Amino acid sequence: MRKFNRIVATVLAMLMLALTVVIAPAVVRAEGVPGDVYTVPGDVYGVPGSKTLVIIMIIGSNTIKINDVVGKKDTSPQIKWGRTFVPLAPIIEALGGTIEWNPSTHTVTIVLGTNTLVLTMGNAYAVGNGKRIPIDSNHGVAPYIQAPGHTMLPVRFIAEKLGASVMWNSALHSVTLVFVKP
């Protein structure tokens, strides 16, 4: 029954987000400030009774919106190798996970609930709960460090491995991750 509720909540969240993409151009406005902060009036993303976490990031902007709360980060999402890369730490922290950096092996270990994911900078494979996993179908795509020291990872990989839905808005150059917690 829990799995069914999670599926229903995910479908509802995706439906609401899809409707927002159609309706949002009428209500989304760009503030005329550096970094172009985009705001959507009201809680159009919330799914009543669910544990939904929505993270919105814009290419080239250091602004991050987590469940309608706007914050800043040191680095912004970017497109590299034809993929959208996002900083890992704000996403994992928002989900209540932990990140540990090992400078001698250039690895990042993510622990989220009972799941562990180990990433090595420049390596096209990750290790998830002891299994070797390709990061992307293009084996030239690998996590990297963006100054001033942030791990960047393809957003699709994060979504798939952490159970999120991901949406790209080409008009706003924004990426939206929707997590439905069990």
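First things first, this report covers the structure right here in the doc. Every value quoted in this text rests on a predicted model; they were computed, and no experiment measured them. (Residues numbered from 1 in each chain as written. Predicted model: local features only at pLDDT ≥ 70, side-chain atom pairs only at ≥ 80, totals over all residues. Heavy atoms only, no water.)

**So, the pattern of salt bridges**
Under the convention used in this document: Salt bridge, as applied in this entry: a Lys or Arg side-chain nitrogen positioned within 4 Å of an Asp or Glu carboxyl oxygen. A 1.4 Å probe rolled over the protein chains alone gives each residue an accessible area, and that area as a share of the maximum for its type sets the label: buried under 20%, exposed over 50%, partly exposed in between.
Counted according to the given criterion, the structure contains 2 salt bridges. We note a salt bridge from K65 to D68, for which the minimum N-O separation is 3.6 Å. According to the relative accessible area criterion, D68 is partly exposed, its value standing at 41%.

**Remarks on the nonpolar core**
Stated precisely, the cut-off is as follows: Nonpolar core, defined: a set of buried Ala, Val, Leu, Ile, Met, Phe, Trp, Tyr and Cys residues in which side-chain atoms within 4.5 Å join the residues together. Secondary structure follows DSSP: runs of H or I at least 4 residues long count as helices, runs of E at least 2 residues long count as strands, and numbering of each begins at the N terminus. Residues count as neighbours in contact if any of their non-hydrogen atoms are within 4.5 Å of one another.
Core analysis: the largest hydrophobic core is formed by 29 residues, its most contacted members being I91, L119, L177 and F179. Counting residues per element, the ones that place at least two in this core are strand 3 (52-58), helix 2 (88-94), strand 9 (107-112), strand 10 (115-120), helix 3 (155-162), strand 15 (164-169) and strand 16 (174-180). With 5 residues, the single largest contributor to this core is helix 3. Setting aside residues up to four positions removed in sequence, F179 forms contacts with K51, T52, L53, I55, I91, L95, L162 and A164.

**Brief notes about empty space enclosed by the protein**
Convention followed: Grid points spaced at 1 Å over the protein atoms alone were grouped into cavities, where a 1.4 Å probe fits but cannot get out, and pockets, open sets with protein on both sides within 12 Å along at least five of seven lines, with lining residues defined by an atom within 4 Å of a point. Grid points are joined across faces, edges and corners, and a volume is the space filled by probe spheres set on the points. Residues are sorted three ways: Asp, Glu, Lys and Arg are charged, Ala, Val, Leu, Ile, Met, Phe, Trp, Tyr, Cys and Pro are nonpolar, and all the rest, Gly among them, are polar.
According to the stated counting rule, one finds 2 cavities of 30 Å³ or more in the structure shown. The computed volume of the second largest cavity comes to approximately 30 Å³. Every residue along the wall of the second largest cavity is listed here: L88, I92, I110, L117, L153, F157, I158, K161 and L162. In terms of residue count, the dominant contributor to the lining of the second largest cavity is helix 3 (4 residues). Tallied by class, the residues present in the lining of the second largest cavity amount to 8 nonpolar, no polar and 1 charged.

**A short note on the pairing of strand 12 (residues 131-134)**
So the rule is basically this: Note: two strands are recorded as paired if DSSP finds a minimum of 2 bridges between them.
Two elements, strand 11 (residues 125-128) and strand 12, share 4 bridges in a ladder whose sense is antiparallel. Pairing of V127 across the sheet is with R132, part of strand 12. Counted along the chain from strand 11 to the antiparallel partner strand 12, the turn is 2 residues long, and its residue N129 has a positive phi close to 50°.

**Description of the packing of aromatic side chains**
To describe a pair of aromatic rings, you give the distance between the ring centres and the angle between the ring planes. Short version of the rule: When two rings of Phe, Tyr or Trp (its six-membered ring) have centres within 6.5 Å they constitute a pair, described as stacked for plane angles under 30 degrees, edge-to-face for angles over 60, and tilted for the intermediate range. Whether a charge lies above a ring is judged from NZ of Lys or CZ of Arg, which has to be within 6 Å of the ring centre and within 35 degrees of the ring normal.
A complete count under the given rule lists 3 aromatic pairs for this structure. When the ring of F85 is compared with that of Y144, the centres are 5.1 Å apart and the planes differ by 55°; the resulting orientation is tilted. On the criterion of sequence distance, the pair formed by F85 in strand 7 (residues 83-87) and Y144 in strand 13 (residues 144-146) is long-range, its members being 59 residues apart. Across this residue pair, the class does not change: F85 and Y144 are buried. Here the aromatic residues W81, F85 and Y144 are joined through ring pairs into a cluster of three or more. Lying over the aromatic face of W81, K80 brings its terminal NZ or CZ to 4.8 Å of the ring centre. We note R132 situated over the ring of Y125; from NZ or CZ to the ring centre the distance is 3.7 Å.

**Examining the pairing of strand 16**
Counting buried positions along strand 16 gives 7 out of 7 residues, so the element sits mostly inside the fold. Burial along strand 16 is two-sided: the face carrying S174, T176, V178 and V180 and the face carrying V175, L177 and F179 are both buried. Inspection of the sheet shows strand 3 paired to strand 16 by 7 bridges, in the antiparallel sense. Among the inter-strand pairings, V54 is bridged to a residue of strand 16, identified as V178. When strand 15 meets strand 16, the two strands line up antiparallel, connected through 6 bridges. Along strand 16, the bridge assignment pairs A164 with F179.

**Structural notes on unusual backbone geometry**
Between A147 and the following residue, P148, the backbone shows a cis peptide bond with an omega angle of 15°. The residue P148 is located in the loop between strand 13 and strand 14 (150-154) in this model. One non-glycine residue, D68, adopts positive backbone phi at about 75°. Mapped onto the secondary structure, D68 falls in the loop between strand 4 (63-66) and strand 5 (69-72). Notably, W81 is not glycine yet its phi reads approximately 55°, a positive angle. Within the fold, W81 resides in the loop between strand 6 (78-80) and strand 7.

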